[in-house]
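Architecture and fold: a report
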Amino acid sequence: MRRVRVFLMALVLVFALGGCARRPDPAPQPDRSVVVGFSQLGAESSWRIANTASMVDAADKYGFALMMENANQKQELQIKSIRNFIASRVDVIVFSPIVETGWDNVLNEAREAGIPVILMDRMIENADEGLYTAYVGADFYQEGRRAGEYLVKKADALEAVHMNIVEISGTIDSTPMRDRRRGFLDVIGEDTRFTVIASVSGDFLRSKGEECMSELLSRFGAEGIDVVYSHNDSMTLGALDVLDRQGVRPGKDILLISVDGEKEAVQALKDGRVNCVVQCTPALGGSVMALVQGLVNGRSIPKISHPVESAFSDLDDPAGPEPEGF
Ligand code: AHR
């Protein structure tokens, strides 16, 4: 009888210990009660599509409910979305301003409603710092500088005496357009080897990049253009299509400097059809949601966060790091 009792006690112990060992760690509970209102500006480029995916993924990982609206490149729709988020009493508003001006009224309304606003990707002009809580996005001025620094080195390597540059810019009055231009000109501005002979806007769209390149070629001819500085890969890829059709060798007859780092442009760089790709990462979702979490937890958060970025070009050591592409 005693032996049976000992056996039963041992059995109970084994189950109890086994139960302890198997009990899984409590999974982090998604806090779907936190609602983030997100106004994306459009779907104009591969960059934007990857950026939207990064926001959706990160909100999901943090377990936040994402109320997302896409403005199709229209500022008035972004303003409407922000008003909608205010009326819905979301916890945090995140938006990527299509242009830098025209936000004061709606952001004052958000401030009065006590809803923090995180600017993602793009900035607003002369912002009263109280109108937004934080900015997460690239340092576009440095991106422009990297493009200029590449060109100076390339001109040195080619022992170029003079180069005519055409610029295909992004959306007029957007932060990347303004700052990529400013950074580029600040580097090449004093160097008499360079002349920017034209600047046209391709609105960050592949189709418009194509149109711009056609127009520039008919205005100057291929022999009148040495360098294309394009503010994003989508427009660069459009320009490549035109150069190919017209029998101009991109990367050789005309140098191409691009910004972003999407897979197709990275491949063109490897193929010698694009000379430099300045990196601009679309993967901003994780940093944005970390800030949302900070706000929800009542912590103070940094006002400005920039991702670490670099540039890749035909002057790099071929054994060096390769861009991943998105
Ligand atoms: O604001 C970031 C820019 O917007 C990217 O360089 C471009 O591809 C996008 O459309």
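For clarity, every value in this text was computed on a predicted model and none was experimentally measured. By convention here, each chain's residues receive numbers from 1 onward along its written sequence. Local features in a predicted model are, by the rule used here, given only for residues with pLDDT of at least 70; side-chain atom pairs are given and counted only at 80 or more, and totals for whole chains, interfaces and linings are based on all residues. Calculation of side-chain values draws on the structure's entire complement of heavy atoms; hydrogens and water are dropped beforehand.

1. With respect to the pairing of strand β9 (residues 255-260)
A 1.4 Å probe rolled over the protein chains alone gives each residue an accessible area, and that area as a share of the maximum for its type sets the label: buried under 20%, exposed over 50%, partly exposed in between. A helix here means a DSSP run of H or I that spans at least four residues, while a strand means a run of E at least two residues long, and both kinds are numbered starting from the N terminus. Among the six residues in β9, six count as buried, and that is most of the element. Here β9 shows no split at all, with L255, I257 and V259 on one side and L256, S258 and D260 on the other all buried. Only strands joined by at least two bridges in the DSSP assignment are considered to pair. The pairing of strand β8 (residues 227-230) with β9 spans three bridges and is classified as parallel. Looking at β9, one finds that Y229 is bridged to I257. Crossover connection from β8 via helix α8 (residues 233-245) to parallel β9: handedness right-handed. Following the backbone out of β9, through helix α9 (residues 263-270) and into the adjacent parallel strand β10 (residues 276-279), one traces a crossover that is right-handed. The definition of a right-handed crossover adopted here requires that, viewed with the strands pointing away, the path from the first strand over the helix to the second runs clockwise.

2. Some points on the sheet that holds strand β6 (residues 163-169)
A sheet is described by the order of its strands in space; here six strands give the open sequence β7-β6-β8-β9-β10-β12, paired in mixed fashion. Two strands lie at the open edges of the sheet, namely β7 (194-201) and β12 (311-313), each paired on one side alone. Across the sheet, the mean angle separating the axes of adjacent strands is 15° when strand polarity is ignored. Contact between two residues is taken to exist if any of their heavy atoms lie within 4.5 Å; hydrogens are not considered. To get an axis, fit a line to the C-alpha atoms, keeping to the stretch in contact for a helix; angles then go from 0 to 180 degrees between the N-to-C directions. The strands touched by helix α6 (residues 175-188) within the sheet are β6, β7, β8 and β9, with β6 carrying the most contacts at an inclination of about 165°.

3. A short note on the packing of aromatic side chains
What counts as a ring pair is set by centres within 6.5 Å for rings of Phe, Tyr and Trp (its six-membered ring), and what kind of pair is set by the plane angle: stacked under 30 degrees, edge-to-face over 60, tilted for all other angles. Following the criterion strictly, the structure yields three aromatic pairs and no others. Just above the ring of Y132 sits the side chain of K303; from NZ or CZ to the centre is 4.4 Å. Lysine and arginine charges are scored as sitting over a ring when NZ or CZ, respectively, is within 6 Å of the ring centre and within 35 degrees of the ring normal.

4. Considering the side chain of S174
Along the chain, S174 falls in the loop between β6 and α6. Pairing of N or O atoms within 3.5 Å defines a polar contact, subject to two protein rules: one partner must be a possible hydrogen donor and the other a possible acceptor, and residues neighboring in sequence count only if both atoms are side-chain atoms. Within the structure, S174 has its side chain in polar contact with the backbone oxygen of T171 (distance 2.7 Å). Not counting the four nearest positions on each side in its chain, S174 is found in contact with I98, V99, E100, R122 and F204.

5. Quick notes on the nonpolar core
Definition of nonpolar core: a set of buried residues of the types Ala, Val, Leu, Ile, Met, Phe, Trp, Tyr and Cys, connected through side-chain atoms within 4.5 Å. By size, the foremost hydrophobic cluster in this structure holds 64 residues, and its most contacted members are I93, V94, W103, L151 and V292. For this core, the element with the highest residue contribution is helix α5 (residues 140-158), accounting for six residues. Counting the residues that make up this core, at least three belong to each of domain 1 (35-137 + 282-308) and domain 2 (140-280). Ignoring anything within four residues of it in the chain, the contact list for V94 reads V36, G37, F38, S39, M55, I118, M120 and V288. Listed in part, the 25 residues of the second largest apolar core include V200, F204, C212 and V228. Each domain's limits were defined by an automated method or a database of domain assignments.

6. Things to note about the site of the ligand
All residues adjacent to the ligand are E44, S45, W47, R48, D121, R122, F140, P176, R180, F204, N232 and D260. Taking E44, its side chain carries an N or O atom lying 2.4 Å from an oxygen atom of the ligand. Measuring from an oxygen atom of the ligand, one finds a side-chain N or O atom of R180 at 2.9 Å. Protein chains shield 100% of the accessible area of the ligand, which is 290 Å² for the free molecule. All residues other than Ala, Val, Leu, Ile, Met, Phe, Trp, Tyr, Cys, Pro, Asp, Glu, Lys and Arg, Gly among them, are scored as polar; the first ten of these are nonpolar and the last four charged. Looking at the shell around the ligand residue by residue, the class counts come to four nonpolar, two polar and six charged. For the shell around the ligand, the domains that each give at least three residues are domain 1 (35-137 + 282-308) and domain 2 (140-280). In these notes, residues near a molecule or strand are those with any non-hydrogen atom within 4 Å of it. Only the protein chains shown count as cover for residues, and all accessible areas are computed by the Shrake-Rupley method using a 1.4 Å probe.

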